Amino acid sequence: MKFRKTMAMAFAALALSGPAVTAREAGLSGEVRVGELNSYSTLPSFTEPYRKGWQLAVEEVNATGGVNGKKLTVISRDDGGKPAEALTVANELLSREKADMLVGAFFSNVGLALSDFAKQKKIVYLAAEPLTDAMVWSQGNPYTFRLRASNYMQARMLAEEAAKLPAKRWAVIAPNYEYGQSAVAVFKKLLSEKRPDIEWVAEQWPPQGKIDAGPVTQAIAAAKPEAILNVMFGPDLVKLVREGNARGLFKDRAVVSFLTGEPEYLDPLKDEAPVGWIVTGYPWYDIKTPEHAAFLKAYQERFNDYPRLGSIIGYSAMHAAAAMLRKAGSTDASKLIEAGRGLSLTTPFGPVTFRPADHQSTMGAFVGVTGVRDGKGVMINPAYRKGEDYLPSEADAAKMRPAGN
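What you are looking at is a predicted structure, and each value in this text was computed from that prediction instead of being measured. Within every chain, residues take consecutive numbers counted from 1 along the sequence as written. Owing to the predicted nature of the model, reporting of local features is limited to residues with pLDDT of at least 70; listing and counting of side-chain atom pairs is limited to 80 or more, with chain, interface and lining totals taken over all residues. Based on all heavy atoms of the structure, the side-chain values leave hydrogens and waters out of the count.

Q: I would appreciate a short explanation of the packing of helix H10 (residues 290-303) against helix H11 (residues 309-328) in the present structure.
A: For any two helices packed against each other, one specifies the crossing angle of their axes together with the interaxial distance. Geometry is summarised by axes, namely lines fitted to C-alpha atoms with helices restricted to the contacting stretch, and by angles between N-to-C directions that run from 0 to 180 degrees. Secondary structure elements follow DSSP: runs of H or I no shorter than four residues count as helices, runs of E no shorter than two count as strands, and numbering proceeds from the N terminus. Between H10 and H11, the least distance of the axes is 12 Å, while the angle of their chain directions is 100°. With respect to each other, H10 and H11 are oriented roughly perpendicular. Listed contacts from H11 to His 292, Phe 295 and Tyr 299 of H10 are Ser 311, Ile 312 and Tyr 315. Partitioning the contact of H10 with H11 into residue classes produces 4 nonpolar, 2 polar and no charged. Roughly parallel here means an angle under 35 degrees, roughly antiparallel means over 145, roughly perpendicular means 65 to 115, and every remaining angle is called oblique. Any two residues having at least one pair of non-hydrogen atoms within 4.5 Å are treated as being in contact. Basically, the charged four are Asp, Glu, Lys and Arg, the nonpolar ten are Ala, Val, Leu, Ile, Met, Phe, Trp, Tyr, Cys and Pro, and anything else, Gly included, counts as polar.

See the structure below:
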């Protein structure tokens, strides 16, 4: 369903809709209802596996007694990848579907819009995928929690490796919206702190989903960088890699790249996948922990397919929502917030905790180098970096949040 409303129109409509009414207040006492929304039509390579992940989690929760004896019901909608559409959908999930809390979103600008919506409506929102640091710091609020390792966390992991490179002249390629801008800013800050001798010689900011890879690669090559920071993903990444390979952009140059090791983005390149890039990602084929082995077995039996990173995020987000509801023993927002602060659960990546100070989870990420194996792109020598090791202290994080939040 496509809505063509501006943000101002969307907020005006929301203002008229009144406060959120939970399922319990509506008399639906036999279930708890989670409103879930994501960019299913915009980025299916990530969101379809994400959907499978949370569907598996819901089945597991309900097979083991639900939430304090009540069935966990998820009402899922497509947010169209646009903030205004997401706000319209979120309002419908609350006013029409009587959702007790919200979960989801992919794009950072959408996530920030939903976070502000949650604050206005006094409804808890668990951001599954949005990575911008503003989500839990500069624009953080009591109603918003975030699951995935943030831009800061992943940038710190990558900067740790990038600082070891001899390269001094760096260029940037990133999508021109909140996620790309945030990722670049924090990576540049962290790397420059470790390596004050480096210089940033070129930047290219293609619109998300609309990269013209020829001129981008040409402009970067003209600056003669020794290393490149890439933040492009999805179909844009495929175009960039193919054009860059054809023009020799990556030959004898180091590349550090957010997210490129995720199967969603690496698999479409097949044997054209880049070799030697330092990346964050999800090497599902090389993770040997008991937690991941149990998830992998359940996922493959249920869907006859291998998981992507989206599968992990959807699965973990819905289990986190159920754990929050279970611990709160209520759908009251204030009780859910209290339950979420310090909430710990086991995920396929191991134990994670939502920090009380900033509501950021300690879920980490895998860091490795790209390569090609049996005609497919893979991560070589991946290592899991624990999220808690790459976050500022809770005291410092609290100082970055608005007063009273």
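Q: What should I look at first to understand the domain arrangement of the protein in this one?
A: Many structure descriptions define interface size as the accessible area lost when the parts assemble. Domain parsing of the protein yields domain 1 (2-149 + 289-363) and domain 2 (152-283 + 366-390). Each domain span listed reflects an automatic or database assignment of domains. Each of domain 1 and domain 2 has a C-alpha centre, and the two are 29 Å apart. In this complex, domain 1 contributes 28 residues to the contact, which on the side of domain 2 involves 24 residues. Salt bridge criterion: a side-chain nitrogen from Lys or Arg within 4 Å of a carboxyl oxygen from Asp or Glu. At the junction of domain 1 with domain 2, the criterion picks out 1 salt bridge. Pairs of N or O atoms within 3.5 Å make up the polar contacts considered here, provided that, within protein, one atom can donate a hydrogen while the other can accept it, and that residues adjacent in sequence are counted only when both atoms are side-chain atoms. At the junction of domain 1 with domain 2, the criterion picks out 9 residue pairs in polar contact (both at pLDDT 80 or more). Listed by contribution, the elements that provide at least two residues to the side of domain 1 that touches domain 2 are helix H2 (44-63), helix H4 (108-121), H10 and H11.

Q: Explanation requested: the pairing of strand S7 (residues 199-204) in the structure shown.
A: Both faces of the sheet carry side chains from a regular strand, because those side chains alternate between them. Two strands pair when backbone bridges link them, and strand S6 (residues 169-173) and S7 are joined in this way by 5 bridges, in the parallel orientation. Residue Arg 169 lies in a different strand from S7, and its bridge partner there is Glu 199. Regarding the hand of the β-α-β motif, the stretch spanning S6, helix H6 (residues 178-194) and S7 is right-handed. Any two strands with at least two DSSP bridges between them are considered paired. We call a crossover right-handed when, viewed with the strands running away from us, the connection from the first strand over the helix to the second turns clockwise.

Q: Help me understand unusual backbone geometry, please; the structure alone is not making it clear to me.
A: Most peptide bonds take the trans form, and the phi angle of most residues other than glycine is negative. For Asp 252, which is not a glycine, the phi torsion comes out positive at approximately 60°. Looking at the element boundaries, Asp 252 is found in the loop between helix H8 (234-247) and strand S9 (254-261). The exposure class of Asp 252 is exposed, given its relative accessible area of 73%. We note that Asn 381 has phi near 50°; this positive angle belongs to a residue other than glycine. Within the element layout of this structure, Asn 381 appears in strand S14 (residues 376-385). Throughout this description, buried means an accessible area under 20% of the type-specific maximum (1.4 Å probe, protein chains only), exposed means over 50%, and partly exposed covers the range between.

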